[in-house]
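Residues per chain, in single letters:
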Amino acid sequence: MTDKSALPQHVGIIMDGNGRWAKKRGLARTEGHKRGAEVFRAISTYCSDIGIPFVTFYAFSTENWKRPQQEVDVIMDIFRDFLHEAEDRQQENAERGFRFHFIGDLTVLPEDIRGLIDFMEANNPERYGTTVNVAVNYGGRAELTHAAQQIAAQVQTGELKAQDITEATIASHLYTANQPDPDLIIRPSGEYRLSNFLTWQSAYAEFWFSDVLWPDFTTADFDRALADYARRSRRFGGV
Ligand code: FPP
C-alpha cells in the first residue's frame, strides 16, 4: 500500500474465532484468547507502522458475561496483563504515538482494572499517531441508551432544547466522540454479523469478512482488507 489517501482513517475489528482456534488444537478456549491478544498487539503495531489514525478492537461485549466464569476471569487477566505492560512501556508507547482508550460501560469492571485504565488514559501522550480503542463491556445499543440518558438529562435541566438535538449531538455522547466513524469493519472467522459493534458509527462503513480465525490473522490478511477497501467506491448515498 503506497497511496496513503486510500487508507481508512478508522478501522473496526471484531476479534472472533479464538474458541474455535483452540478447539481445533485440542486446547482450552482460553488459549485462543491468549493467542488472540498477541494478534491484537501485532495488528495495533502494524496500524501505527502504516499510519492508520484510529482502530477499534471489540474485545468483550455486554453479552460476553454469559460465558463460563473461568473464561471471563482469564479474559480479565489478559486485560490486566496488557494494562501492566502499557504502564511499563509508557515511554516506548508515547514515542510510537500510541493513544489507548477503553470504550464501553467500564463501571462494572473489577476495581483494579478500572484503576489501571484510568492511569493509562491519564498518561496518554499529547501528540499521538494512532488511537487504539479497546471495546470492553461494549454494546452499541447500550452505548446509544447511555447517550439518550445523558441528552435527556440535559433537556430536563433546560441546558438543551429537544428540537436542537442533531445527529452531531448524539455522536458527541458516544464513547467515540471526536473520532471519525469507522470506514472499514473487519470480521474474521467466517461470521457475517455486526454483533452490536459500533451500531451508530458503522452506518456507512465498508465490511470485510474472512474465514481466518482471529489467532491466525496476520498483517498480510490486514493488507488484503486494506487493498479491497481501496478498490471500493464509497458514495455515501450520492451517485
Ligand atoms: C471472540 O472469540 C473473542 C472474545 C470474546 C475475546 C476477545 C479478547 C481477546 C482476543 C483479548 C484481547 C486483548 C486485549 C488486551 C485487548 P470467541 O471466543 O467467540 O471464538 P469462537 O466463536 O470461536 O468461540
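Residues numbered from 1 in each chain as written. Predicted model: local features only at pLDDT ≥ 70, side-chain atom pairs only at ≥ 80, totals over all residues. Heavy atoms only, no water.

Asks: For the pairing of strand β1 (residues 10–14), give the residues involved together with the corresponding values.
Replies: Where burial is concerned, most of β1 is hidden: five out of the five residues are buried. A two-sided burial pattern is seen for β1, the buried positions comprising His-10, Gly-12 and Ile-14 on one face and Val-11 and Ile-13 on the other. The pairing of β1 with strand β2 (residues 54–61) spans five bridges and is classified as parallel. Pairing of His-10 across the sheet is with Phe-54, part of β2. (Buried < 20%, exposed > 50% of the residue type's maximum accessible area, 1.4 Å probe, protein only. Helix = DSSP H or I, 4+ residues; strand = E, 2+ residues; numbered from the N terminus. Pairing = 2+ DSSP bridges.)

Asks: Summarise the pattern of salt bridges; cite the residues concerned and give the values.
Replies: Enumeration over the complete set of coordinates arrives at 17 salt bridges. The shortest N-O distance in the salt bridge between Arg-20 and Glu-191 comes to 3.4 Å. Highlighted residues: Arg-20 in helix α1 (residues 18–24) and Glu-191 in the loop between β5 (184–187) and β6 (206–209), separated in sequence by 171 residues. Judged by its relative accessible area of 36%, Arg-20 is partly exposed. Ionic pairing is found between Asp-112 and Arg-80, a salt bridge with its closest N-O pair at 2.5 Å. Residue Asp-112 is located in helix α5 (residues 111–122), and its partner Arg-80 is located in helix α3 (residues 69–88); the two are separated by 32 residues in the primary sequence. Put simply, Asp-16, Arg-20, Arg-187, Glu-191 and Arg-193 are held in one network by salt bridges that share partners. (Salt bridge = Lys/Arg side-chain N within 4 Å of Asp/Glu carboxyl O.)

Asks: Please give an account of the layout of surface pockets that cites residues and values.
Replies: By volume, the largest pocket is sized at about 640 Å³. If you trace the largest pocket, you find 30 residues lining it, with Met-15, Asn-18, Tyr-58, Ala-59 and Asn-64 closest to the centre. When contributions to the lining of the largest pocket are tallied by element, the ones reaching two or more residues are α1, α2 (29–50), β2 and α3. In terms of residue count, α2 provides more of the lining of the largest pocket than any other element does, six residues in total. When grouped by side-chain class, the residues that make up the lining of the largest pocket number 13 nonpolar, eight polar and nine charged. (1 Å grid on protein atoms, 1.4 Å probe; cavity = no way out; pocket = protein on both sides within 12 Å on 5 of 7 lines; lining within 4 Å. Points joined across faces, edges and corners; volume = space filled by probe spheres on them. Nonpolar A, V, L, I, M, F, W, Y, C, P; charged D, E, K, R; others polar.)

Asks: Which residues make up the site of the ligand, and what are the values?
Replies: Lining the immediate environment of the ligand, one finds 18 residues, of which Gly-19, Arg-20, Arg-29, His-33 and Arg-67 sit closest. Contact distances for the ligand include 3.2 Å between an oxygen atom and a side-chain N or O atom of Asp-16. Taking Arg-67, its side chain carries an N or O atom lying 2.8 Å from an oxygen atom of the ligand. The protein chains hide 92% of the 630 Å² of surface that the ligand would expose on its own. With respect to the detected pockets, the ligand is housed in the largest pocket. For the shell around the ligand, the elements supplying multiple residues, two or more each, are α1, α2 and α3. Tallying contributions element by element places α2 first for the shell around the ligand, with five residues. Residues of the shell around the ligand, tallied by class, amount to eight nonpolar, six polar and four charged. (Near = heavy atom within 4 Å. Polar contact = N/O pair within 3.5 Å; in protein donor to acceptor, adjacent residues only side chain to side chain. Areas by Shrake-Rupley, 256 points an atom, 1.4 Å probe, with all protein chains shown as cover. Sits in = over half its atoms within 2 Å of the grid points.)

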